[in-house]
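Structural overview for review
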Amino acid sequence: HAKMNGRNDFAGFDVEMDVLLRNRRRVETDLREALVSLDQFRVHYQPVYNAVDGVLTGFEALMRWQHPARGWVSPEFFIPVAEESGLIRDIGQYVLQTACEAALKWPEQSIAVNVSIIELQDVDYVKKLAAVLSATGLAPERLELEVTETAVVTAGTCEENLKAIRKMGVKVALDDFGTGFSSLGRLTQIDVDRIKIDKTFIHGFDQSDSDKAMVRAIVELARATRLATTAEGVENVAQVEFLQAIGCDALQGFYFSPAVPADKVPELLAAKPALPSPAARESVNRI
Ligand code: C2E
Ligand code: MG
Ligand code: MG
Ligand code: MG
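Where an unreviewed UniProt entry is consulted, the protein chain appears under the name Bifunctional diguanylate cyclase/phosphodiesterase, with the organism given as Thalassospira marina.

What follows is the structure, given as C-alpha cells:
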C-alpha cells in the first residue's frame, strides 16, 4: 500500500519502523535484566492427552514473562527478540532446567521443551543438555525437544546436534508442522520421533475441507513412516472427533487445558481421562 500512496507513506513507514526497533531494543534490555534475577520468568505446563483414551501422557513447557510494567508479554513477541539478541541461550537453559526438575515430580509423564535453532547451532548444546539431565537425574527418554522445520533441514552443527540428542535417548518433535516450506513428501526423510501439526490447520476445520484433508494426509503419511502425531490448538469436540477418526495419536489444546503453573499440575494428574473410553463411546453410539 505504501508504494501506491507515494512518499508520505514511506516516511510514515520509517517512523513506525523506528518505534518498532526502539521498542525491540528496550525489550532486549528488559529481557537481559530479567535474566539476572529470573523472578519475572515462569514456566507453565500444558497437558497432552492420548487421543484414543484421553489419558494424560505428558506436558509441554511454555515460557512466561511478567514484565514489571507491561504485564504478561507473549512469547510470540519476546522469543524472536531473545533469538536475535542471543539471550535465547540463557532463557532456553532456564526453561530446560526448570522443566526437567518439575517433571521429576510427575514420574509417569513426558516433558516437552521448545528449543530454538539458535541454541541448536551451538557446538556445546549437547554437552549442556547432558549436564542438565545428569544434574536433575531425569531419564532422557522422558524428555522431548520441540524444534522447527528450519532446524530439522539445516545441515552442519544443527544436524549433528539433533543426531547426538536422539542417540542420548532424548526424543525430538517437529513443531508447527505445515507452516514451513518443506513438502509433505519430506516427512519420510526427516529424522524425528514426532510431528506436531500446527494449530492453524486444526482451527481451519470449521471453514475449510482442505485443512481437514491436509491433516488427514499428514497423519496417514506419518503413520506409514512410524512417526507419532500430536495435534496442537484443539479447541472443540468436533476437532477431537475428527482427529480421533483419522488416527492422530495425541491431542493438546484449550479444549482440555491451557498451560498452567506447576502447582496446578497435580489437579490435572488427579483428574479422570479427558475423553470417554472407546468402549463407553461405542455403547453410547449403539443407544
Ligand atoms: P508452540 O511451541 O507451538 O506452543 C503452542 C502455543 O499454542 C502456545 O502458545 C500455547 O499456549 C498455544 N495454544 C495451546 N493450545 C491452544 C489452543 O487450543 N488455541 C490456541 N489459540 N492456542 C493454543 P504460547 O505459550 O504463547 O507460545 C507461543 C510460541 O512461543 C510457542 O509455540 C513457541 O514457539 C514459543 N515458545 C514458548 N515458550 C518457549 C520456550 O521456552 N522456548 C522457545 N524457544 N520457544 C518458546
Ligand atoms: Mg512447541
Ligand atoms: Mg507448535
Ligand atoms: Mg507455534
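With that settled, consider helix α3 (residues 88-103). With 16 residues, α3 should reach 22 Å at 1.5 Å per residue; the first-to-last C-alpha distance of 22 Å fits that figure. Listed in full, the buried residues belonging to α3 are I88, I91, G92, Y94, V95, L96, A99, C100, A102 and A103.

So, on to the packing of aromatic side chains. Scanning all chains against the criterion turns up eight aromatic pairs. Taking the centre distance of 6.2 Å and the plane angle of 45 degrees together, the rings of F41 and W65 count as tilted. Residue F41 is located in strand β1 (residues 41-50), and its partner W65 is located in strand β2 (residues 56-67); the two are separated by 24 residues in the primary sequence. Overall, W65 belongs to the buried group, its relative accessible area being 0%. For the ring pair F59 and W106, a centre distance of 5.1 Å and an interplane angle of 50 degrees mean the geometry is tilted.

Contacts to ligand 1 come from 23 residues, most closely from R64, N114, D175, E235 and F254. In this structure, a nitrogen atom belonging to ligand 1 sits 3.0 Å away from a side-chain N or O atom of Q46. At 2.8 Å, a backbone N or O of F254 approaches an oxygen atom of ligand 1. Counting residues per element, the ones that place at least two in the shell around ligand 1 are β2, α2 (75-85), α3, β6 (171-177) and α8 (199-203). No other element matches the four residues that β2 contributes to the shell around ligand 1.

Right, let's get into the pairing of β6. For β6, the buried fraction is high: five of the seven residues fall into the buried class. For strand β5 (residues 143-147) and β6, the ladder comprises four bridges, and the chain directions are parallel. Its bridge partner lying in β6, L145 is registered against V172. The pairing of β6 with strand β7 (residues 194-197) spans three bridges and is classified as parallel. In the strand pairing of β7, L174 is matched with I195.

We now examine the coordination of the magnesium ion (ligand 2). All of the protein donors around the magnesium ion (ligand 2) are E60 (OE), N114 (OD1), E146 (OE) and D175 (OD); their distances to the metal are 2.0 to 2.3 Å. In this structure, the magnesium ion (ligand 2) lies 3.9 Å away from the magnesium ion (ligand 3), the two metals sharing D175 as a donor. Of this pair, E146 sits in strand β5 while D175 sits in strand β6, and the two are 29 residues apart along the sequence. No difference in accessibility class separates E146 from D175, as the two residues are buried.

Of the residues in the protein chain, 91% have a pLDDT of 70 or more, and the chain-wide mean is 90. Segment residues 1-8: pLDDT under 50, and three contacts once partners within four positions in sequence are set aside and those in other chains are kept.

Counted by the stated rule, this structure contains seven salt bridges. Of the charged contacts in the structure, one is a salt bridge between R24 and E84, with a shortest N-O distance of 2.7 Å. Linking R24 in helix α1 (residues 7-37) with E84 in helix α2, this pair joins segments that are 60 residues apart in sequence. Linking E144 and R194 is a salt bridge whose minimum nitrogen-to-oxygen distance equals 3.3 Å. Highlighted residues: E144 in strand β5 and R194 in strand β7, separated in sequence by 50 residues. Each of the two residues, E144 as well as R194, counts as buried. Several salt bridges converge on common partners, so that one network encompasses E60, E146 and K196.

Criteria and cut-off values
- Residues numbered from 1 in each chain as written.
- Chains lettered and ligands numbered in written order.
- Predicted model: local features only at pLDDT ≥ 70, side-chain atom pairs only at ≥ 80, totals over all residues.
- Heavy atoms only, no water.
- Helix = DSSP H or I, 4+ residues; strand = E, 2+ residues; numbered from the N terminus.
- Expected span 1.5 Å × (residues − 1).
- Buried < 20%, exposed > 50% of the residue type's maximum accessible area, 1.4 Å probe, protein only.
- Phe/Tyr/Trp six-rings, centres within 6.5 Å; stacked < 30°, edge-to-face > 60°.
- Near = heavy atom within 4 Å.
- Polar contact = N/O pair within 3.5 Å; in protein donor to acceptor, adjacent residues only side chain to side chain.
- Pairing = 2+ DSSP bridges.
- Donors = N, O, S within 2.8 Å, 3.2 Å for Na, K, Ca; no water.
- pLDDT = per-residue confidence, 0-100.
- Contact = heavy atoms within 4.5 Å.
- Salt bridge = Lys/Arg side-chain N within 4 Å of Asp/Glu carboxyl O.

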